[in-house]
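Residue-level listing of the chains:
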Amino acid sequence: DSGVTQTPKHLITATGQRVTLRCSPRSGDLSVYWYQQSLDQGLQFLIQYYNGEERAKGNILERFSAQQFPDLHSELNLSSLELGDSALYFCASSPHAIQGGQETQYFGPGTRLLVL
Amino acid sequence: GENVEQHPSTLSVQEGDSAVIKCTYSDSASNYFPWYKQELGKGPQLIIDIRSNVGEKKDQRIAVTLNKTAKHFSLHITETQPEDSAVYFCAASKDYGGSQGNLIFGKGTKLSVKP
């Protein structure tokens, strides 16, 4: 158990709908990262938040957005869903410092999204 | 941006043999290289990592080597066991504004250890 929790575990929805994925980082971790894993694209970085602020953006679609709340949990919002958005979505967290052993990203169990 | 290539995509070994997975990266500013193991239905789990100021790191049956000049790093698993069967991912990242940047992953290697 990495200490990162994600809900829900599975999500089935229809095209055009909107869903929210939730992530709680490990206690004390300030950074949260969202990744998408699909068969054809592998593990792709979407977005990073650090202590409530957006830090970096990757291959995140405009239909997707995220935020990190004062208690450091994060939510990934996916809207106008398309069949191609079906994938595993992982959240990872890491501490602030980058000193020996502090940079490890710990991954949650993921949310499996199926868009029908 | 950074690009990480990983080989082979599949690897089958006999129990007790060694397994080697290789990765190359393109961004010379990358300075952190973790390896993750992903079992079916689970999230990636860190198994070992190395920073660019170290050439080799070992943890029991697992070792990672890094060649900064050639920009490649490798995972070595000795005395493989059936429970080592999983998909292994290499990744690279660099420091970003005081915190660790996002990980760029290789495509993964499916390791099968035959009893």
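To start, this report covers the structure provided alongside it.

Criteria and cut-off values
Residues numbered from 1 in each chain as written. Chains lettered and ligands numbered in written order. Predicted model: local features only at pLDDT ≥ 70, side-chain atom pairs only at ≥ 80, totals over all residues. Heavy atoms only, no water. Helix = DSSP H or I, 4+ residues; strand = E, 2+ residues; numbered from the N terminus. Buried < 20%, exposed > 50% of the residue type's maximum accessible area, 1.4 Å probe, protein only. Contact = heavy atoms within 4.5 Å. Areas by Shrake-Rupley, 256 points an atom, 1.4 Å probe, with all protein chains shown as cover. Lys, Arg positive; Asp, Glu negative; His and termini not counted. Charge placed at Lys NZ, Arg CZ, Asp CG, Glu CD. Polar contact = N/O pair within 3.5 Å; in protein donor to acceptor, adjacent residues only side chain to side chain. Core = buried A, V, L, I, M, F, W, Y, C linked by side-chain atoms within 4.5 Å. 1 Å grid on protein atoms, 1.4 Å probe; cavity = no way out; pocket = protein on both sides within 12 Å on 5 of 7 lines; lining within 4 Å. Points joined across faces, edges and corners; volume = space filled by probe spheres on them. Nonpolar A, V, L, I, M, F, W, Y, C, P; charged D, E, K, R; others polar. Pairing = 2+ DSSP bridges. Axes fitted to C-alpha atoms, helices over the stretch in contact; angles between N-to-C directions. Patch = residues over 30% accessible without salt bridge, like charges linked within 9 Å, V, L, I, M, F, W, Y side chains within 5 Å. Salt bridge = Lys/Arg side-chain N within 4 Å of Asp/Glu carboxyl O.

Looking now at the overall build of chain B. Summing up its helical and strand segments, chain B has zero helices and 13 strands in all. Put simply, chain B runs from its N terminus to its C terminus through helices and strands in the order β-β-β-β-β-β-β-β-β-β-β-β-β. Dimensions of chain B, computed from the C-alpha atoms along their principal axes, are close to 45 × 30 × 20 Å. The buried share of chain B, reckoned over its 115 residues, is 47%. Long-range contacts, defined as pairs at least 24 residues apart, comprise 54% of the intrachain contacts of chain B with a sequence gap of at least 6. Accessible surface computed for chain B: about 5,600 Å², of which carbon and sulfur atoms make up 48%. Each charge class in chain B can be summarised by its mean position, and for the 13 positive and 13 negative side chains these summaries are 4 Å apart.

Our focus in this paragraph is the side chain of Asp49(B). Relative to the elements of secondary structure, Asp49(B) occurs in strand β5 (residues 45-51). Only 3.4 Å separates the side chain of Asp49(B) from the side chain of Thr104(A), close enough to count as a polar contact. Side chain to side chain, Asp49(B) and Tyr32(B) meet in a polar contact 2.7 Å long. In this structure, Asp49(B) is in contact with Thr104(A), Tyr32(B), Phe33(B), Pro34(B), Lys57(B) and Val64(B), ignoring residues within four places of it in sequence.

With 24 residues, the main nonpolar core has Trp35(B), Phe73(B), Leu75(B), Tyr88(B) and Leu111(B) as its most contacted residues. Among the elements of the structure, β2 (10-14), β3 (19-25), β4 (32-38), β5, β7 (62-67), β8 (72-77), β9 (86-92) and β13 (109-114) of chain B are those that each provide at least two residues to this core. Sequence-distant contacts of Leu75(B), defined by excluding residues within four places in its chain, comprise Ala19(B), Val20(B), Ile21(B), Trp35(B), Ile47(B), Ile48(B), Ile62(B), Ala63(B) and Tyr88(B). Listed in part, the 21 residues of the second largest apolar core include Val4(A), Cys23(A), Ile47(A) and Leu81(A).

Attention now goes to the environment of Ile62(B). Residues and elements named next belong to chain B. For Ile 62, the position within the fold is in strand β7. Using a relative accessible area of 18% as the deciding quantity, one classes Ile 62 as buried. Sequence-distant contacts of Ile 62, defined by excluding residues within four places in its chain, comprise Ile 47, Ile 48, Lys 57, Leu 75, His 76 and Ile 77.

One number sums up the size of the largest pocket: a volume of about 830 Å³. Lining the largest pocket are 34 residues, and of these Gln37(A), Leu39(A), Leu88(A), Gln38(B) and Leu40(B) sit closest to its centre. Breaking the lining of the largest pocket down by element, the ones donating at least two residues are β4 (31-38), β9 (87-94) and β11 (111-115) of chain A together with β9 and β13 of chain B. Counted by class, the lining of the largest pocket contains 12 nonpolar, 15 polar and seven charged residues.

Within a sheet, neighbouring strands are paired by backbone hydrogen bonds and run either parallel or antiparallel to one another. Residues and elements named next belong to chain B. Here we have five strands laid out as an open sheet, ordered β1-β3-β8-β7-β6, and antiparallel in their pairing. Looking along the sheet, the strands with just one partner apiece sit at the ends: β1 (4-7) and β6 (56-59). Adjacent strand axes in the sheet meet at a mean angle of 15° when their direction is disregarded. The sheet contact formed by β7 and β8 spans six bridges and is antiparallel. Residue pairing across strands places Thr 65 opposite Ser 74, the latter belonging to β8.

We now examine a nonpolar patch on the surface. All names here are of chain A. On the surface, a nonpolar cluster with roughly 310 Å² of combined accessible area is contributed by Ile 12, Leu 114 and Leu 116. As for its placement among the helices and strands, Leu 114 is situated in strand β11. Taking relative accessible area as the criterion, Leu 114 reaches 38% and is therefore assigned partly exposed.

Read these as layout, nothing more, since geometry by itself doesn't imply function.
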